[in-house]
Structures are given as structure tokens and as C-alpha cells.
Amino acid sequence: MIAQQPTLLPAHYRTLSVLEMETRVRDIRAQLGTKLFIPGHHYQKDEVIQFADATGDSLQLAQVAAANTEAEHIVFCGVHFMAETADMLTTKEQRVYLPDLRAGCSMADMATIYETEHAWETLQQLFGDTIIPLTYVNSTAAIKAFTGKHGGACVTSSNAKKMVAWAFTQKERLLFLPDQHLGRNTAFDLGVPLEQMAVWNPQTNELEAHCPIEDVKVILWKGHCSVHEGFTIHHVEKLRQTHPTMRILVHPECSHEVVAASDDCGSTKYIIDTIHAAPAGSAWAIGTEMNLVKRLIAQHPDLTIISLNENMCPCLTMNRIDLPHLLWTLERIINGEEGNVITVDERTAALARLSLERMLERA
Ligand code: 13P
Ligand code: SF4
């Protein structure tokens, strides 16, 4: 699709004033009414999120996409795997658009279907039919289809515990893709000791285990989020010295070392809810994406909020969706152009939906 469509923003959009762009976006929204729906992930920039009809974390956005049967055009302000999920959960008549097709997710790209099929073959030889695959929604549609085909499901950071607990009722051990940190933190919370978690390294095609192979309960794919790996134990240690009374609240995509040394850990929604409920005057160091941290700072002048890493940047791919790209996409819709549409082929989507539905019915 990328080859067929002009993917780069026409240069003249960069010359428009913010006021001009905002006015044009508002006019198109008024013109399209309920035919248009704009979901926005919490990590999106304010210049975009101001136009979102619904904001949420990955789970909430999957749920709102599935619930919306009315809108013909769903302009997804988030990253590629989220738009794919929305496409798979909506009807054939509804079209899903991603305002910048370069807005991918480096974590999702860390598990390709070829690597995963290859790993599965080896793991079946090692463990027999004792493994259920679970995939974080931050994965390609092909990986979701793989998990669907093998009896597994999707998880998000909001329901990972529930889904991992369910997976253990199905099979003796699980393969968790593609984020080793969410997998490790969740399984640890459910009582699986760290030494019973092995790591599958797709670079070397090897299982890195620290216990006899028959004792392995969880196989973690060696993937990570480049944003959340930017919070290290050194940041925690430094903060404990400089701000000893500050509470440290991090996302479970952070390493286990960071999570264990922090005061609290939870999904994007959990972080937002915790800060909204925090007592006036309390102080927080947050380990998650910077656009969200900045928004929480602006919304809560009564709290002291900083990023756990003072040099943290926003997620670069989330940030590709900006006001000019949003306007461009809306104008393409109005002009009847074909651009920026995300479509998952029906064979992949049918299997991937099994994974998503197993999650949504338990979420
Ligand atoms: P959640 O929205 O599930 O917290 O995931 C965070 C994230 O990294 C999204 O890309
Ligand atoms: Fe991917 Fe991490 Fe960015 Fe989320 S924050 S889109 S997981 S790179």
C-alpha cells in the first residue's frame, strides 16, 4: 500500500498557520459529522488530541473502535498496529486511516511473522504441545493471527494480568510476544519466579534459560519499547537521592529492575487515574511517554510532577502524527482520494480477530 500511495505530506501544509489548520480541521469535522470518528492515544501530541472524539490507552481504543458502527471514516491518531486493530474490529464499509504511514512502533517490528514461525517450530520440539502464545496488542496483524491460530490471545498493559492468568488455565507454559518487560513484570506479579522465565532471542534463534528446561513457565520474546527502556535503575537511584519523598510511578514496559525499585507500576490508564486521584501537594516522578507526562503536568498544577528521566523524549513514531498530517488526511477524505488507508487482508484479519476477541470478551 505504501508503494501505491503518495505517503509524504505535500510541502504546502508546512506553510499554513496553526490557526488556519485548526479552522480547516474544525470545518471538515462539522461537514462530516458522525461520518467521521477520530480516536487518539494518550501519547499523542496536544495539537492532535484536541480533535479526538475519544482518547484512551490501547485497550480503550480497541473497545471504542469495536463499538463504533456508525462512522464511515475512522482517522486513527496513534501508531500503525492500533490502526490495523481498528480496521479488523470495524465493518468492511468503515475505512481506517493513519495520518502518517510512517507512524510505526519499533517494539511491534521486533517480532516478524517469519521469526515467530521459526521460533515456534523450535519451541514445539523443545516443549511439545504445552505452550500458549500471548501477544501484546503492540504487534503486527500477522503476529495477532499467529496467536489466534494457536489458541492464544492479545493482551494490553491494562489487562495483561487477567490474560496471563487465563493463559495458564489453558496450557502449562506461555510464549509472550513481543515485549519481554511487560511479560516478565506481569508473570512475576502472578508469582512466577524470574528464573522460570526464559528469553527467546530472535537474533540468535536461541532460548536463554536459567533453569532446567522442563521448569520453564514463561518464554519471553526479546523485544522492548525503546521509549520505556529509556528509564533505568540509575534514574531511580538518582531520584531517591535528590527527591526522597517523591513517589515513582512507572509503566510495565519498563524493565523489571526499574519496576521493582519504583513505588508503583501500571498501564497508561492506571497512571492517569492514579495522578487524577492524587492528593493535592503530592509529588510524582513518572516513567512513561513524555507527551502524556507533559499533559498530566499541565492538568495538575496542584501536584509536583516530573519525568523519571529528565532527558526523556516523546515516542518519535507517535509524534509523527501532527496537525498538518491530520488536516492532510481529512482533506484527502473530503476530496475522495484513496490515501492513508490501513487495510488488513481478510485471511490474516479472521485469525487475528480470534486473538482480539478472546481478549475483549475477558477485558
Ligand atoms: P497502553 O496504551 O496499553 O498503556 O500501551 C502503551 C504503549 O506503549 C502504546 O504504544
Ligand atoms: Fe511503540 Fe513504545 Fe512508542 Fe508505544 S511508546 S508506540 S510501544 S515505541
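The structure under discussion appears in the preceding block.
The structure displayed is predicted, hence computed values, not measured ones.

Re the environment of Ile233
Right, on to step 1. Here Ile233 lies in helix α9 (residues 233-242).
Right, on to step 2. For Ile233, a relative accessible area of 15% puts it in the buried group.
Right, on to step 3. Taking C-alpha positions, Ile233 is 39 Å from Met88, a pair spaced 145 residues apart along the chain.
Right, on to step 4. Not counting residues within four places of it along the chain, the set of residues in contact with Ile233 comprises Glu257, Val258 and Ala261.

Considering the nonpolar core
Right, on to step 1. Membership of the largest hydrophobic core comes to 104 residues, with the highest contact counts inside it found for Leu134 and Leu308.
Right, on to step 2. If sequence neighbours within four positions are ignored, Leu308 has contacts with Phe231, His235, Val236, Leu239, Ile248, Val250, Val258, Ala285, Ile286 and Gly287.
Right, on to step 3. Ranked by size, the runner-up nonpolar core spans 16 residues in total, among them Ala198, Trp200, Cys211 and Ile219.

Comments concerning the site of ligand 2
Right, on to step 1. Ligand 2 sits among Tyr43, Val79, Cys105, Ser106, Met107, Asn138, Cys225, Val227, Glu253 and Cys315.
Right, on to step 2. For the shell around ligand 2, the residue count by class is seven nonpolar, two polar and one charged.

Let's talk about unusual backbone geometry
Right, on to step 1. Residue Leu177 is joined to Pro178 through a cis peptide bond whose omega torsion reads -25 degrees.
Right, on to step 2. You can see Pro178 is positioned in the loop between β8 (173-177) and α8 (180-189).
Right, on to step 3. Its identity is not glycine, yet Asn205 carries a phi of approximately 55 degrees, on the positive side.
Right, on to step 4. In this structure, Asn205 sits in the loop between β9 (197-201) and β10 (206-208).
Right, on to step 5. When its relative accessible area of 36% is taken as the criterion, Asn205 is described as partly exposed.
Right, on to step 6. Of note, the phi angle at Asn340 is positive, near 65 degrees, even though the residue is not glycine.
Right, on to step 7. Tracing the backbone through its elements, the reader meets Asn340 in the loop between α13 (323-334) and α14 (346-360).
Right, on to step 8. Taking the relative accessible area as the measure of exposure, Asn340 reaches 1% and is therefore buried.

Quick look at the site of ligand 1
Right, on to step 1. Of all residues adjacent to ligand 1, which total 13 residues, the nearest are His41, Ser58, Ser157, His251 and Thr268.
Right, on to step 2. The contact in question runs from an oxygen atom of ligand 1 to an N or O atom on the side chain of His41, over 2.8 Å.
Right, on to step 3. The separation between an oxygen atom of ligand 1 and a polar side-chain atom of Glu253 is 2.9 Å.
Right, on to step 4. Protein coverage of the free-state accessible area of ligand 1, which is 300 Å², stands at 96%.
Right, on to step 5. For the shell around ligand 1, the per-class residue count stands at five nonpolar, six polar and two charged.

Overview of the sheet that holds strand β15 (residues 304-307)
Right, on to step 1. Here we have four strands laid out as an open sheet, ordered β13-β12-β14-β15, and parallel in their pairing. Two strands close off the open sheet at either side, each with one partner strand: β13 (264-265) and β15.
Right, on to step 2. As paired elements, strand β12 (residues 247-250) and strand β14 (residues 283-287) share four bridges and run parallel to each other. Across the sheet, the residue bridging to Ile248 is Ala285, located in β14.
Right, on to step 3. Sheet strands in contact with helix α12 (residues 290-299) are β14 and β15, and its direction is about 165 degrees off that of β15.

Side note on the pairing of β9
Right, on to step 1. Among the five residues of β9, five are classified as buried, and the element is accordingly described as predominantly covered.
Right, on to step 2. The alternating pattern of β9 places Met197, Val199 and Asn201 on one face and Ala198 and Trp200 on the opposite face, and all of these are buried.
Right, on to step 3. Sheet topology note: the β9/β10 ladder contains three bridges and is antiparallel. For Val199, the partnering residue across the bridge sits in β10 and is Glu208.
Right, on to step 4. Linking β9 back to β10 in an antiparallel pair, the connection comprises four residues, with Asn205 at a positive phi of about 55 degrees.

Quick notes on the side chain of Glu331
Right, on to step 1. Among the secondary structure elements, Glu331 is positioned in helix α13.
Right, on to step 2. Overall, the relative accessible area of 15% leaves Glu331 in the buried class.
Right, on to step 3. Of the polar contacts made by the side chain of Glu331, one reaches the side chain of Arg24; its length is 2.9 Å.
Right, on to step 4. With residues near it in sequence (within four places) discarded, Glu331 still touches Tyr13, Arg24 and Ile28.

Considerations on the packing of aromatic side chains
Right, on to step 1. Applying the stated criterion to the full structure yields one aromatic pair.
Right, on to step 2. Each ring, one from Trp120 and one from Phe146, has its centre 5.4 Å from the other, and the planes form 90 degrees; the classification is edge-to-face. In this pair, Trp120 is assigned in helix α5 (residues 113-127) and Phe146 in helix α6 (residues 141-149), connecting sequence segments 26 residues apart.
Right, on to step 3. Judged by its relative accessible area of 9%, Trp120 is buried.
Right, on to step 4. For Phe146, a relative accessible area of 2% gives the class buried.

Section: the pattern of salt bridges
Right, on to step 1. The tally for this structure, following the rule as stated, stands at 17 salt bridges.
Right, on to step 2. Residue Asp46 pairs with Arg295 through a salt bridge whose shortest N-O separation is 2.7 Å. Of this pair, Asp46 sits in helix α2 (residues 46-49) while Arg295 sits in helix α12, and the two are 249 residues apart along the sequence.
Right, on to step 3. Arg295 sits in the buried class, given a relative accessible area of 12%.

Basis of the calculations
Residues numbered from 1 in each chain as written. Chains lettered and ligands numbered in written order. Predicted model: local features only at pLDDT ≥ 70, side-chain atom pairs only at ≥ 80, totals over all residues. Heavy atoms only, no water. Helix = DSSP H or I, 4+ residues; strand = E, 2+ residues; numbered from the N terminus. Buried < 20%, exposed > 50% of the residue type's maximum accessible area, 1.4 Å probe, protein only. Contact = heavy atoms within 4.5 Å. Core = buried A, V, L, I, M, F, W, Y, C linked by side-chain atoms within 4.5 Å. Near = heavy atom within 4 Å. Nonpolar A, V, L, I, M, F, W, Y, C, P; charged D, E, K, R; others polar. Polar contact = N/O pair within 3.5 Å; in protein donor to acceptor, adjacent residues only side chain to side chain. Areas by Shrake-Rupley, 256 points an atom, 1.4 Å probe, with all protein chains shown as cover. Pairing = 2+ DSSP bridges. Axes fitted to C-alpha atoms, helices over the stretch in contact; angles between N-to-C directions. Phe/Tyr/Trp six-rings, centres within 6.5 Å; stacked < 30°, edge-to-face > 60°. Salt bridge = Lys/Arg side-chain N within 4 Å of Asp/Glu carboxyl O.

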